[in-house]
Amino acid sequence: MMNSGKLAGYTLFITGASRGIGKAIGLKAAKDGANVVIAAKTAQAHPKLPGTIYTAAKEIEDAGGKCLPCIVDIRDEKTVDAAVAEAVKTFGGIDIVINNASAISLTGTLATPMKKYDLMNQVNARGTYLTSRACLPHLLKSKKDGKTPHILNISPPLNMKPIWFKNHTAYTIAKYGMSMCVLGMSAELKDSGVAVNALWPRTAIYTAAMAMLGGGDEVANQCRNVDIMADAAYAVLTREATGNFYIDDTVLSEEGVTDFDQYAISPGTPLILDFFLEDSDVGTFEEQVEHNSKAAAPSSAGAVDVVFKNIKDSTDAKIVGDIKGVFKFVVDDEVWFVDLKNGSGDVHKNTMEHDVTMTMKEKDFVNLFQGKLNSTAAFMQGKLKIDGNMMLAMKLEKLMNQMNKSKL
């Protein structure tokens, strides 16, 4: 999507913008000559994640904008207030707030200690509220100065179906807190002329963080890149509308974009649908999975044994080194353990300490390991229950891919 120049002279305050979606939105605005305030924690390079607030600032300036990198922990009111004050001092005001910073742990209740619960709620819900509140006086001034001020939260539509709570209640509470800020503040600020909207991707977005957490090429190929969110955010920010929960490709379709392959990591590959979308969208994804799945023999009495035999045959020291975890599988009434932590790996029924429990019905389990059922779709549809280390469950995708290549 081409830039229109409408954000020239605007100042954007973006949380979590040292990399990923936040940085992409900053780069898009920079092409108009906008001022961008990066409010994030990463001042020194992470050993596994590229980028800091300073490297992001250079990219934004190279793209044509001006940038102020600020070390901010949005859980800490003092650092937020200091960054807002510095932004106003440097650029004369704040016109747009992008609440992008987020913490995630896709874990069930017993697997989510209060420390993780507090982190997610402090960053997602409280951080969004705090940042919006701190910037609001300047957004109101922006309106008086003749601009179109905006708060845009990277958060999902509010969907109260149990499926979006049952496997990760704490995360959903925290993420929906961001969306509830949209619901409340858009109504509160409507007469003041400050727009408040939400934007959410229809599909998984591949970022450096996802790669670090175990998303290899197999996962990446089913994702879109950050540019689709940057383009959609730009479209929303240049509209005069409030109180909306936008989906990225719907926004761009309304703007006349028809080529969505430009955003795909692997054009033509079925895409992983993101969380929190409506049943109609989930149905569309199920159709995609079914249409693109490999032919597989139906489940039978001995199919589970065959799958575990093939898992054992597929394991080696390299996979163990990559995954480093023990999985407990509960398939109907049978319990199996897949040891991908020790030696060259093993599969057995002897009880042992494990990192994650995966519970499925026999038919779904067989379909999953035959490539007929996508693991993300299975989880989102409630066919796969995961208790424990969610990131290890994501890494298991590598083993399934290797098995499918071997024509399980």
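**A short note on the packing of aromatic side chains**
And step 1. Applying the stated criterion to the full structure yields 13 aromatic pairs.
And step 2. Taken together, a centroid distance of 5.2 Å and an interplanar angle of 55° make the contact between Y176 and F276 tilted. Residue Y176 is found in helix α5 (residues 169–189), and its partner F276 is found in the loop between α9 (248–254) and α10 (279–292); the two are separated by 100 residues along the sequence.
And step 3. Relative to W336, the ring of F308 lies with its centre 4.2 Å away and its plane at 10°, an arrangement referred to as stacked. Residue F308 is found in helix α11 (residues 303–314), and its partner W336 is found in strand β9 (residues 334–340); the two are separated by 28 residues along the sequence.
And step 4. Three or more aromatic residues link up through ring pairs in this structure, and these residues are W164, F165, Y171, Y176, W200, F275 and F276.
And step 5. Geometry around Y234 places K28 over its ring, the cationic atom sitting 5.4 Å from the centre.
And step 6. Between the NZ or CZ atom of K147 and the centre of the ring of Y10, over which it lies, the distance is 5.2 Å.

**Here's the deal with α5**
And step 1. Under the 1.5 Å per step criterion, the end-to-end length of α5 is 30 Å for 21 residues, consistent within 8% with the ideal 30 Å.
And step 2. Taking the largest bend as the criterion, α5 deviates by roughly 25°, centred on M178.

**Thoughts on the sheet that holds strand β6 (residues 195–200)**
And step 1. Strand order in this open sheet of seven strands is β3-β2-β1-β4-β5-β6-β7, and the pairing throughout is parallel. Edge positions in the sheet fall to β3 (66–71) and β7 (245–247), since each of these pairs with one other strand and no more. In this sheet, adjacent strand axes meet at a mean angle of 20° when their direction is disregarded.
And step 2. Direction of pairing for strand β4 (residues 96–99) relative to strand β5 (residues 150–154): parallel, over a ladder of four bridges. Paired with I98 across the two strands is L152, which belongs to β5.
And step 3. Lying on the sheet, helix α2 (residues 53–62) is in contact with β2 (35–40) and β3; it crosses β3 at an angle near 170°.
And step 4. The strands touched by helix α3 (residues 77–91) are β1 (11–15), β2 and β3; relative to β3, the strand with the most contacts, the crossing angle is about 160°.

Conventions adopted
- Residues numbered from 1 in each chain as written.
- Predicted model: local features only at pLDDT ≥ 70, side-chain atom pairs only at ≥ 80, totals over all residues.
- Heavy atoms only, no water.
- Phe/Tyr/Trp six-rings, centres within 6.5 Å; stacked < 30°, edge-to-face > 60°.
- Helix = DSSP H or I, 4+ residues; strand = E, 2+ residues; numbered from the N terminus.
- Lys NZ or Arg CZ within 6 Å of the ring centre and 35° of its normal.
- Expected span 1.5 Å × (residues − 1).
- Bend = angle between axes of the 7 residues up to and from the residue.
- Pairing = 2+ DSSP bridges.
- Axes fitted to C-alpha atoms, helices over the stretch in contact; angles between N-to-C directions.
- Contact = heavy atoms within 4.5 Å.

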